[in-house]
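Observations on chain architecture
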Amino acid sequence: MDAQGRYISRDGELTAGSFSEGVYLFQNIHTLGGAARHTAAHAALLRSAARTLFGLDLRITADGLQRSIGELAEACRLPSRVSVRVIARVYPSGTIEMACDEPSIYAGYVLRSLRPDAVCLRIVPPLPSLPTSAAEHTRLLTDVAARARGAHTAIMTDAAGAVISESAQPLFAVRGYTVTTPPVAAAEESVERRLVRAAARDAGLSFAERPISTDDLGTADEVFTADHRGITAMGRIGRKPYMAIIAERIALQIEKTTL
């Protein structure tokens, strides 16, 4: 069990304790009623990233992931009517650890009620399109810096003003009926990015992949991110306000989307 009295799964075995120290790859997996969603896509991304960064031939399958999460959910007595994030970590040794987060207030993927104010900051995480511990900790640092500037969160940019779209919460800009996001290699496309791409097309929207600049953010109708909870639509970036009409359509469609 972890510090809050919950179990951890380590290489498929339930044990007392907490996450190991050190660098890792991760996936935030949406569960509802103890059942994990999109495990094939999560497992494929972990295998690809582990091969690229750690040189590992990771033996993780959709069925194995689903089974381990189910056992963890039962041991943690997760509530059946709300969603819970399961955090999966892969270490350079090949060890796979998983733990349950606190229950959400939502059931399924949603448009979150939070409409955060954001600020653009010139911070570039290493390998932003891969789900690494470095990227995760850079996000934590960036949000601390954003709050120091009176905002809720930050959008990362490089020195030229190009927006950084993170693996764990890719960013999308909407203008008219077109949803745009920065391009990534097919093997590095996150589960959340794939869900938004599929949901946009199923909802009859255009989906474009091209770099997004801070100037593009200034002319967008909406800006949103996607993560394990669903969609978070920005309220403002600086002084620029945004709508959330398309973001709501995407959120509703994601709940119906399978990968």
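See the structure printed just above.
Numbering of residues starts from 1 in every chain and runs along the sequence as written. For a predicted model such as this one, the threshold for reporting local features is a pLDDT of at least 70, and the threshold for listing and counting side-chain atom pairs is 80 or more; totals across whole chains, interfaces and linings nevertheless cover every residue. Only hydrogens and water are set aside when side-chain values are computed; all heavy atoms of the structure are taken into account.

Describing the pattern of salt bridges
- By definition, a salt bridge exists where a carboxyl oxygen of Asp or Glu is found within 4 Å of a side-chain nitrogen of Lys or Arg. The tally for this structure, following the rule as stated, stands at 10 salt bridges.
- Residue Glu255 pairs with Arg37 through a salt bridge whose shortest N-O separation is 2.9 Å. With Glu255 in the segment after helix 6 (245–254) and Arg37 in the loop between strand 4 (35–36) and helix 1 (39–54), this pair connects stretches of sequence that are 218 residues apart.
- Burial here depends on accessible area, computed with a 1.4 Å probe over protein chains only, as a share of the maximum for the residue type. Under 20% is buried, over 50% is exposed, and the range in between is partly exposed. Among the residues examined, Glu255 registers a relative accessible area of 33% and is labelled partly exposed.
- One salt bridge in this structure joins Arg229 and Asp227, with 2.4 Å as the shortest N-O distance.
- Overall, Asp227 belongs to the buried group, its relative accessible area being 8%. A run of DSSP states H or I qualifies as a helix once it reaches four residues; a run of E qualifies as a strand once it reaches two. Both are numbered from the N-terminal end.

Quick word on the packing of helix 4 (residues 191–202) against helix 6
- Closest axis-to-axis distance for the helix 4/helix 6 pair is 9 Å, and the angle between their directions is 105 degrees. What the angle tells us is that helix 4 and helix 6 run roughly perpendicular. Here helix 4 contributes Leu195, Val196, Ala199, Ala200 and Asp202 to the contact with helix 6, which in turn contributes Ile250, Gln253 and Ile254.
- Residue classes follow a fixed rule: Ala, Val, Leu, Ile, Met, Phe, Trp, Tyr, Cys and Pro count as nonpolar, while Asp, Glu, Lys and Arg count as charged, and any other residue, Gly among them, counts as polar. Taken together, the residues of the contact of helix 4 with helix 6 sort by class into six nonpolar, one polar and one charged. Lines fitted to C-alpha atoms define the axes here, with helix axes fitted over just the stretch in contact, and angles between the N-to-C directions of these axes take values from 0 to 180 degrees. With respect to orientation, any angle under 35 degrees is reported as roughly parallel, any angle over 145 as roughly antiparallel, any angle of 65 to 115 as roughly perpendicular, and every other angle as oblique. Contacts: residue pairs with any heavy atoms within 4.5 Å of one another.

Thoughts on the packing of helix 1 against helix 2 (residues 62–75)
- Interhelical geometry of helix 1 versus helix 2 gives an angle of 110 degrees and a closest axis separation of 8 Å. For the element pair helix 1 / helix 2, the angle class is roughly perpendicular. Crossing handedness for the pair helix 1 and helix 2: right-handed. Along its contact with helix 1, which presents Thr39, Ala40, His42 and Ala43, the element helix 2 presents Ala62, Leu65 and Gln66. It is the rotation of the near helix from the far one that decides the hand of a crossing: anticlockwise by less than a right angle makes it left-handed, clockwise makes it right-handed.

Notes on the state of the cysteines
- We call a pair of cysteine sulfur atoms a disulfide whenever their separation is within 2.5 Å. Under the criterion given, the structure shown has zero disulfides.
- Cysteine Cys76 remains unbridged, with the sulfur of Cys100 as its closest cysteine sulfur at 3.9 Å.

Re the sheet that holds strand 4
- Any two strands between which DSSP finds at least two bridges are classified as paired. Strand order in this open sheet of six strands is 2-1-6-5-3-4, and the pairing throughout is antiparallel. Edge strands, defined here as strands with exactly one partner in the open sheet, are strand 2 (13–15) and strand 4.
- Pairing analysis gives three bridges linking strand 1 (residues 8–10) to strand 6 (residues 96–103), with the strands arranged antiparallel. Looking at the pairing, Ser9 lines up with Met98 of strand 6.

Regarding the pairing of strand 3 (residues 25–32)
- Along strand 3, seven of the eight residues are buried, which leaves the element largely enclosed by surrounding structure.
- Looking at chain direction, strand 3 and strand 5 (residues 83–90) are connected through eight bridges and run antiparallel. Paired with Asn28 across the bridge in strand 5 is Ile87.
- The sheet contact formed by strand 3 and strand 4 spans two bridges and is antiparallel. Note on strand 4: the bridge partner recorded for Leu32 is Ala35.
- If you look at the hairpin formed by strand 3 and strand 4, you'll find two residues sitting between the two strands, and Gly33 has a positive phi there, around 65 degrees.

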